[in-house]
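Examination of the molecular architecture
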Amino acid sequence: MTLLCTGYEPFGDHDTNPSRQVARELDGETVAGHEVVGAVLPVEFDRVADELAALIDEHDPAAVVATGLAGGRTTVSVERVGINVDDAVTVPDNADDSPHDERIVPAGADAHLATIPVVESVEALLDAGIPARVSNTAGTHCCNHALYILLENHDVPAGFVHLPLTPAGAVDEAEAPTRGGGVQASLPLSLQVEGVRTVLETAVA
Ligand code: PCA
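Residues numbered from 1 in each chain as written. Predicted model: local features only at pLDDT ≥ 70, side-chain atom pairs only at ≥ 80, totals over all residues. Heavy atoms only, no water.

1. Side note on the site of the ligand
What counts here: In these notes, residues near a molecule or strand are those with any non-hydrogen atom within 4 Å of it. Two N or O atoms form a polar contact when they lie within 3.5 Å of each other; inside protein one atom must be a possible hydrogen donor and the other a possible acceptor, and for residues adjacent in sequence the pair counts only when both atoms belong to side chains. Using a 1 Å grid laid over the protein atoms alone, points where a 1.4 Å probe fits but cannot get out form a cavity; open sets with protein on both sides within 12 Å along at least 5 of 7 lines form a pocket; any residue with an atom within 4 Å of a point counts as lining. Assignment of a molecule to a cavity or pocket requires that more than half of its atoms lie within 2 Å of the corresponding grid points. Where helices and strands are cited, they refer to DSSP runs of H or I of at least four residues and of E of at least two residues respectively, numbered from the N terminus. Three classes are used: nonpolar for Ala, Val, Leu, Ile, Met, Phe, Trp, Tyr, Cys and Pro, charged for Asp, Glu, Lys and Arg, and polar for all others, with Gly counted as polar.
The environment of the ligand is made up of Tyr8, Phe11, Asn17, Val43, Gly68, Leu69, His141, Cys142, Cys143 and His162. A distance of 2.9 Å is found between an oxygen atom of the ligand and a side-chain nitrogen or oxygen belonging to Asn17. Here an oxygen atom of the ligand and a side-chain polar atom of His162 are 2.8 Å apart. Among the detected pockets, the ligand sits in the largest pocket. Listed by contribution, the elements that provide at least two residues to the shell around the ligand are β4 (63-69) and α4 (142-153). Considered class by class, the residues forming the shell around the ligand number six nonpolar, four polar and no charged.

2. Re the pattern of salt bridges
Heads up, the condition is: Criterion for a salt bridge: a side-chain nitrogen of Lys or Arg within 4 Å of a carboxyl oxygen of Asp or Glu. For every residue, the accessible area (1.4 Å probe, protein chains only) is compared with the maximum for its type, and the residue is labelled buried under 20%, exposed over 50%, or partly exposed between those bounds.
Taken as a whole and judged by the stated rule, the model has five salt bridges. Two residues, Glu29 and Arg197, come together in a salt bridge whose shortest N-O distance is 2.9 Å. You can see Glu29 sitting in the loop between α1 (18-26) and β2 (30-31) and its partner Arg197 sitting in helix α6 (residues 189-203), a full 168 residues away along the chain. Look at Arg197 and you get partly exposed, because its relative accessible area is 25%. For the salt bridge of Arg47 with Glu51, the shortest nitrogen-to-oxygen distance reads 3.2 Å. Pair noted here: Arg47 and Glu51 are both in helix α2 (residues 45-59), with a separation of four residues, about one helical turn.

3. Quick notes on unusual backbone geometry
Positive phi values are uncommon outside glycine, yet Asp60 reaches one of about 45 degrees. Asp60 sits in the exposed class, given a relative accessible area of 52%. The backbone of Val89 sits at a positive phi, close to 55 degrees, despite the residue not being glycine. Position of Val89 among the secondary structure elements: in the loop between β6 (81-83) and β7 (111-113).

4. Considering the environment of Leu147
Note the following rule: Here, residues are in contact when the closest pair of their heavy atoms is within 4.5 Å.
Along the chain, Leu147 falls in helix α4. You can call Leu147 buried: its relative accessible area is 0%. Along the backbone, Leu147 and Gly159 are 12 residues apart, and their C-alpha atoms lie at a distance of 6.3 Å. Leave out the neighbours within four places in its chain, and Leu147 touches Glu79, Val81, Gly82, Gly159 and Phe160.

5. With respect to α6
Note the threshold: Expected span, for any helix, means 1.5 Å times one less than how many residues it has.
The terminal C-alpha atoms of α6, which comprises 15 residues, lie 21 Å apart, in line with the 21 Å expected from a rise of 1.5 Å per residue. Those residues of α6 that fall on the buried side of the exposure criterion are Gln192, Val193, Gly195, Val196, Thr198, Val199, Leu200, Thr202 and Ala203.

6. Some words on the side chain of Thr67
Residue placement: Thr67 occurs in strand β4. Relative accessible area serves as the criterion here: at 0%, Thr67 is assigned to the buried category. If we ignore the near neighbours within four places in the chain, the residues touching Thr67 are Cys5, Thr6, Gly7, Tyr8, Ser19, Phe160, Val161, Leu163 and Val196.

7. Here's the deal with the pairing of strand β9 (residues 158-163)
Under the convention used in this document: One bridge is not enough; two strands pair if DSSP finds at least two bridges between them.
Burial within β9 is extensive, with six of its six residues counted as buried. The side-chain alternation of β9 yields two buried faces, one formed by Ala158, Phe160 and His162 and the other by Gly159, Val161 and Leu163. Two strands pair when backbone bridges link them, and β4 and β9 are joined in this way by six bridges, in the parallel orientation. Bridging from a neighbouring strand, Thr67 pairs with Val161 of β9. Of the pairings in the sheet, the one linking strand β5 (residues 76-79) to β9 comprises two bridges and is antiparallel in character. Paired with Val78 across the strands is Val161, a residue of β9.

8. Comments concerning the packing of α1 against α6
Keep this limit in mind: Only C-alpha atoms enter the line fits that serve as axes; for helices the fit covers just the stretch in contact. Angles between N-to-C directions range over 0 to 180 degrees. Helix crossings fall into two classes, left-handed where the near helix is turned counterclockwise from the far one by less than a right angle and right-handed where it is turned clockwise.
Remark: α1 packs on α6, axes separated minimally by 10 Å, with the N-to-C direction vectors making an angle of 65 degrees. α1 and α6 meet at a crossing whose hand is right-handed. In this structure, α1 uses Pro18, Gln21, Val22, Glu25 and Leu26 to contact α6, whose residues at the interface are Leu189, Gln192, Val193, Val196, Arg197 and Leu200. Of the residues that constitute the contact of α1 with α6, the class distribution is seven nonpolar, two polar and two charged.

Below, the structure is given as structure tokens:
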């Protein structure tokens, strides 16, 4: 069987998105006897559900681990919950859509808990020496949207992992670092790839 791992395109002020790099790196790898299908999703509220449905239809995965960038977070964050809310807050999506306090599925459940083993994934990440934690909010942008839709519309075990910036991304986005300004937290891409691989392994253990 396959394991589906999605990343997202760059969005907002970000020129790159480590989740896209992770999905591309894992594509075609074998993890726990399953072939990983790595795919990149558009950062567009209106397209995420159809893209995920098409991927699940085509590849019939044993589990889905979607990933995205959470700039500023200090660790790999395994999300516990997807909520039935779209709100772009201050960053419109890549189609310039900027929902405010909208339900994703009007008659859907208010929220769903991830169906991959969240706590066990974080334990496995920490055992592997990868900074990680459980996160209790995936926000209200496209990442939460993907997690909610996976859990609302599909039977497959599914979860979401938010990733920090890479060191190169943090350098790119630094604000006046030579003048004492801020540089956001980062994690090398190789550790991010290993981290998502670990979550995929735990999902089918
Ligand atoms: N991060 C955003 C959307 C796409 C991504 O990589 C989020 O956290 O919702």
